[in-house]
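# Fold and contact review
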Amino acid sequence: MHEELLTESNVPLRTSPAGSATASRLRKMNRQFGPPAAAFVLFIGGWEVVCRLLGTKPYLLPKPSDIVLAATENAANLWVSVYTTIVEAVLGIILSIILGVGFAILLASSKFIERSVYPYAIIMQTIPIVAIAPIIVIWFGAGMNAIVIIAFLIGFFPMLSNTLIGLDSTEHNMKNLFYLYNASPMQTMFRLRIPAALPYIVAGLKISCTLAVIGAIVGEYIAGIGGGKGGLGYAITVAASRLQTPYLFACGLSASLLGIAFFLLVNAFSKWMLSSWHESEMKSSEG
Amino acid sequence: MLTLKGDDAMTAVTEAKEWVRMERLSKVYPNGTTAVKEVDLSIREGEFLCFVGPSGCGKSTIFKMITGLSNPTGGKLTVMGTTANEARKRSDTAFVFQDHTLLPWSSVIDNVMLPLALRGVSRKERQQEAERVLAMVGLQDHMRSMPRELSGGMKMRASIARALVAKPKLLLMDEPFGALDEITRQTLQLELLSLWRQDPEMTILFVTHNVFEAVFLSTRIAVMTPRPGKIDDVIDVPVPFPRDETFRSTPEFGRIVHSVSMTLKH
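Residues numbered from 1 in each chain as written. Chains lettered and ligands numbered in written order. Predicted model: local features only at pLDDT ≥ 70, side-chain atom pairs only at ≥ 80, totals over all residues. Heavy atoms only, no water.

## Focus on the sheet that holds strand β4 (residues 74-79) of chain B
All names here are of chain B. Taken together, 3 strands build an open sheet; the order of strands is β2-β1-β4 and the sheet is antiparallel. Among the strands making up the open sheet, the edge pair consists of β2 (34-44) and β4. Neighbour to neighbour, the strand axes of the sheet diverge by 15° on average, direction disregarded. Bridge count between strand β1 (residues 18-28) and β2: 7 bridges; the pairing is antiparallel. Counted as the bridge partner of R21 is S42 from β2. (Pairing = 2+ DSSP bridges. Helix = DSSP H or I, 4+ residues; strand = E, 2+ residues; numbered from the N terminus. Axes fitted to C-alpha atoms, helices over the stretch in contact; angles between N-to-C directions.)

Given below as structure tokens:
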């Protein structure tokens, strides 16, 4: 639903009168979102009923109603945790965009640099983040800084590799054209290669943005409280140690919702940026 | 034998400058394939010269050498009195490919302004020049459109406008109408001739595998045959301009098409 609305607000309607368009859109939405919604209701309802019938203890398996109750009772705390994690993840994403795209441009400008540095970027990527995280805590101290850096590290590589692939896959004819018109390497980079790489950059961003949320939470596990109050990862460790299982579930769900929200935002951004020219974001009815 | 852009062009012809000169020009690729073998040809100012031949006859290789995209391995090539690379750097040459190569993220006018933007021409002047050439190709009402909103023929017009924006003396076209339908192709041929006639200095080198297209457009046709790629014959098209659709059905047209085809087959 979210996606549909975004598309509509960004791409002007060109076909058919508004009335019938709305009706057909409603029907389409029904077909698209009806089945998953039904499955959701069935699953949650079944969960609630089974728990009630078996009388399971809430600290082992809370009922959906327990989770909602725990979330509303602790809404203030939960919001602080969510907010903290958002800040950390966003800062991490911004860093990975700037440095990922920046390094990719550097590597793409020189085959020599690319050949000598890129293998190490891949090796760095294969080291598990939980192995690096303690070192980062040692270097930058427990807290916000370390968490942001962990979130950045986890989102960095998809940005770097996607941008690099994008910069290196400029159409041959286009490169010839720029060469024939005596474009400098800088002009070719900024007027041709970077715009042509945008679809790849956005694809990398779609991966990085959800990874950064995971990175922030992993960071909080290891580095503890970030920015005065704890984020979701910290709340999860505390709730687990106190056997507040319903709240633990609420935190986990919030984290996943956060990931989805980030993804939808990037998706909307991608539509806004590419819909006028790139296949991947064009409406199939056009073109 | 030379160019007759119009009835009064004869005086200009006698002292026309030599724009491109090939002397025993050869290209052997590293894998040993001889793409072009010992080609001699002289192209003068104001000509419309077509290279015609089947695929693999080296016509695109010659084109690449004139643009400086590829270096000759033998012989000598002079473009506008200097080397191909120098001529390209002086921006007297422009290019149109079979693929329209418009930047999909830029509007039509931004695409047309590109060659000037790359040379650092001021925005105002760029805009002015782009509007001028877009009007010449009949795209003045589509300046703000994105390339994907245009038809194949309109994309090619935009691509031609981009080539003309810097007022080139030498326009190199590599099978520009190859991907278009026959009707659009014929319309664009007429339009191209009229653009060429507007500027008495402009020389067009046109690569095609379509004999009819070559005869309709050119003042001379270099007929090329493959393995190894060489110019078999250079055939004059002594038909005055302006030419229009009726030219296609004249006996003269048929006779030249026949003679080009015979050269190609033999």
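## Observations regarding the side chain of E47 of chain B
Relative to the helices and strands, E47 of chain B resides in the loop between β2 and β3 (48-52). Within the structure, E47 of chain B has its side chain in polar contact with the backbone nitrogen of R44 of chain B (distance 2.8 Å). (Polar contact = N/O pair within 3.5 Å; in protein donor to acceptor, adjacent residues only side chain to side chain.)

## Let's talk about the packing of aromatic side chains
Going through the model one piece at a time under the given rule, you end up with 16 aromatic pairs over all chains. Between F43 of chain A and W47 of chain A, the ring centres sit 6.0 Å apart and the planes meet at 55°, which makes this aromatic pair tilted. With F43 of chain A and W47 of chain A both in helix α2 (residues 18-54) and 4 residues apart, the pair spans about one turn of that helix. You can call W47 of chain A buried: its relative accessible area is 18%. Aromatic ring contacts, followed pair by pair, group F48, F177, W196, F206 and F241 of chain B into a single cluster. Across the ring face of Y179 of chain A, the terminal group of R88 of chain B is positioned such that the distance to the ring centre comes to 4.1 Å. The residue whose ring lies beneath R248 of chain B is F216 of chain B, and the NZ or CZ to ring-centre distance is 3.8 Å. (Phe/Tyr/Trp six-rings, centres within 6.5 Å; stacked < 30°, edge-to-face > 60°. Buried < 20%, exposed > 50% of the residue type's maximum accessible area, 1.4 Å probe, protein only. Lys NZ or Arg CZ within 6 Å of the ring centre and 35° of its normal.)

## Section: the domain arrangement of chain B
Residue and element names in this part refer to chain B. Under the domain assignment used here, chain B contains domain 1 (10-92 + 169-265) and domain 2 (103-167). Once you take the C-alpha centre of each, domain 1 and domain 2 turn out to be 25 Å apart. Each partner contributes to the interface: domain 1 provides 14 residues, whereas domain 2 provides 11 residues. Summed over both sides, the interface between domain 1 and domain 2 buries roughly 980 Å², with carbon and sulfur atoms accounting for 71% of that surface. Considering only the surface of domain 1 that becomes buried against domain 2, S91, L188 and L195 emerge as the three largest contributors, covering 39% of it. Viewed at the interface, domain 2 and domain 1 are joined by 1 salt bridge. Between E191 and R157 there is a salt bridge whose closest N-O contact spans 2.8 Å. Remark: the boundary between domain 1 and domain 2 carries 1 residue pair in polar contact (both at pLDDT 80 or more). Elements with a minimum of two residues in the side of domain 1 that touches domain 2: β6 (170-174) and α7 (182-198). (Domains from an automatic or database assignment. Contact = heavy atoms within 4.5 Å. Buried area = accessible area lost by both parts, 1.4 Å probe. Salt bridge = Lys/Arg side-chain N within 4 Å of Asp/Glu carboxyl O.)

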